[in-house]
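# Breakdown of the fold
Residue-level listing of the chains:
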Amino acid sequence: MLKSLLKSTLLITTLSTFTLFAQDTTDVSWGDGTPGTLEAAITGPGVYRLEAGKVYLTLEHIPVETGAIHIVGATPQGDGHPAVIQPLANAEGALGHTNGELFTVVGDGAELALKHLIINAAAAGGEGSLHGCASARGAMNKIIVDDCIVTHVAHLAFFTMGTQTDFHIENSVIKAFTNGPGGMFYGGLLWGGGSWMGTIDTLVVRNNTIDGVVGEGMVVYEHVDYGIVDHNTFTNIVMDLVWYRGHNNLQISNNLLYNTKSYGQSTYDVSGWGVWHKGGAGQFMVMPEYTDK
């Protein structure tokens, strides 16, 4: 029964992807680099291809309200770099992006894919960084990230406040988080899976490098229907590879850990914040949910 369901799911996913890419691809011309060009070009579901070697400056977030929006970078020539998406502060010097993020998946069943891109969440003028790269806020959303560099996010690169979200993050580098001491435990590649966050159906994190997180590598609070974290490199992570409680059905395998839990611990952390525990902790641990405090 389970195999049948998995085969049906894979078939539907394959047909959906084939249908999307059978559509005409819209080439988004960089033109003269006018800020806001990218937001204006994305008018609905489809595949949008960005010019290699160009920096697309955004003035507002890009909502995904229905269907599937795939944003892909054209193949660079020679030593050129992929297309870059980066926010620009407004005339008042503030980042005016709704929810403090570049992309927001809001429509039920909507999908966002980011492929072959550099995504820099730091304002081009140095005014600060966006809270996140992309979030899901509807039901049954899907966020796909493949062959991207995501850098300078302040807190959460990807997260869900919706229900039954799918995440597929593969072959990418997510690095250089910018939150400081005041938010040092609030940061990571991905947050969700229940509690005060949204729920997750499928979570695939494979063949990535996650570096420089001022917080958890990733947080899954309670449960995923299917989850795998495999063949990733986690380096310079202030806290755990993955938050130490919850995350039912999450398989963690074949990962390289270097300088994780680099925050250390103190008596105050054990007795006050509850971040660490008496007796210490290694680079990675899984603990049950406590029923008494």
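The structure under discussion appears in the preceding block.
Report on the accompanying structure.

Rules used in this analysis
Every chain's residues receive numbers from 1 upward, in the order its sequence appears when written. Under the rules for a predicted model, residues below a pLDDT of 70 receive no local features and side-chain atom pairs below 80 are neither given nor counted, while totals for whole chains, interfaces and linings still include all residues. Excluded from the side-chain calculation are hydrogens and water; included are all heavy atoms of the structure. Going along the chain from the N terminus, every DSSP run of H or I of four or more residues is numbered as a helix, and every run of E of two or more is numbered as a strand. Only heavy atoms matter for contacts: two residues are in contact if any of them lie within 4.5 Å across the pair. Computed with a 1.4 Å probe, the accessible areas rest on the Shrake-Rupley method; for each residue, only the protein chains presented here act as cover. Strands were regarded as paired on the criterion that DSSP finds at least two bridges between them. Angles here are taken between N-to-C directions and fall from 0 to 180 degrees, while the axes themselves are lines fitted to C-alpha atoms, restricted in helices to the stretch in contact. Only protein chains enter the accessibility calculation, which uses a 1.4 Å probe; a residue whose area is less than 20% of its type maximum is buried, one above 50% is exposed, and one in between is partly exposed. Any Phe, Tyr or Trp ring, taking Trp's six-membered ring, that has another such ring centre within 6.5 Å forms a pair; planes under 30 degrees apart are called stacked, those over 60 apart edge-to-face, and the others tilted. Any Lys or Arg side-chain nitrogen located within 4 Å of an Asp or Glu carboxyl oxygen qualifies as a salt bridge. Working definition of a nonpolar core: buried Ala, Val, Leu, Ile, Met, Phe, Trp, Tyr and Cys residues. They are joined through side-chain atoms within 4.5 Å.

### Notes on the overall build of the protein
Each helix and strand counted, the protein has 3 helices and 23 strands in total. Within the protein, residue pairs in contact and separated by at least 24 positions form 69% of the contacts whose partners lie at least 6 positions apart. Total accessible area on the protein stands at roughly 13300 Å², and carbon and sulfur atoms take up 55% of it.

### Notes on the sheet that holds strand β2 (residues 46-50)
Strands sit in the order β1-β2-β5-β8-β11-β14-β17-β20-β22 across an open sheet of 9 strands; the sheet is parallel. The open sheet is flanked by β1 (25-28) and β22 (248-253), the only strands paired with a single partner. With direction set aside, neighbouring strand axes in the sheet form an average angle of 10°.

### Things to note about unusual backbone geometry
Phi is positive for His116, close to 60°, though the residue is something other than glycine. Its location among the elements puts His116 in the loop between β8 (111-115) and β9 (118-120). Overall, the relative accessible area of 34% leaves His116 in the partly exposed class. Positive phi, close to 55°, is recorded for His231, a residue that is not glycine. As for its placement among the helices and strands, His231 is situated in the loop between β20 (223-230) and β21 (233-237).

### Re the packing of aromatic side chains
By the definition in use, this model includes 5 aromatic pairs. Relative to Tyr221, the ring of Trp196 lies with its centre 6.4 Å away and its plane at 65°, an arrangement referred to as edge-to-face. Placement of Trp196 in the loop between β16 (188-192) and β17 (200-206) and of Tyr221 in the loop between β19 (219-220) and β20 is noted, with a sequence separation of 25 residues between them. Since its relative accessible area comes to 13%, Tyr221 is described here as buried. Through pairs of rings, three or more aromatic residues link up here, namely Tyr186, Trp191, Trp196, Tyr221 and Trp243.

### A look at the pattern of salt bridges
Tallied over the entire structure, the rule returns 4 salt bridges. A salt bridge links Arg49 to Asp27; its shortest N-O distance comes to 2.6 Å. Taken together, the positions of Arg49 in strand β2 and Asp27 in strand β1 put the pair 22 residues apart, joining distant regions of the chain. The class for Arg49 is partly exposed, based on a relative accessible area of 33%. For Asp240, the salt bridge is made with Lys261, and the minimal N-O distance between the two is 2.6 Å. Of the two residues, Asp240 is situated in the loop between β21 and β22 and Lys261 in the loop between β23 (256-260) and α3 (267-273); the sequence distance between them amounts to 21 residues.

### Some thoughts on the side chain of Asn255
Topologically, Asn255 is positioned in the loop between β22 and β23. For Asn255, a relative accessible area of 18% gives the class buried.

### A closer look at the nonpolar core
Of all hydrophobic cores here, the largest spans 53 residues; its most connected members are Phe103, Phe158 and Leu203. If sequence neighbours within four positions are ignored, Leu203 has contacts with Phe167, Leu190, Met218, Val220, Val224, Tyr226, Gly227, Ile228 and Leu250. By size, the runner-up hydrophobic cluster in this structure holds 8 residues, among which are Leu156, Phe159, Met197 and Trp243.

### Observations concerning the environment of Pro76
Within the secondary structure, Pro76 is located in the loop between β5 (68-73) and β6 (84-87). Judged by relative accessible area, Pro76 falls into the partly exposed class, the value being 27%. Distance from Pro76 to Glu51, taken between C-alpha atoms, is 8.3 Å for residues 25 residues apart in sequence. Once residues within four sequence positions are removed from consideration, Pro76 is found in contact with Ala52, His81 and Pro82.

### Digging into the sheet that holds β23
Within a sheet, each strand pairs with its neighbour through backbone hydrogen bonds, oriented either parallel or antiparallel. The strand order across the open sheet formed by 8 strands is β3-β6-β9-β12-β15-β18-β21-β23, and the pairing between neighbours is parallel. Every interior strand has two partners, whereas the edge strands, β3 (55-58) and β23, have only one. Each strand axis lies, on average, 10° off the axis of its neighbour in the sheet, ignoring direction. Sheet topology places β3 next to β6; 4 bridges connect them, and they run parallel. Directly across from Leu57, in β6, lies its bridge partner Gln86.

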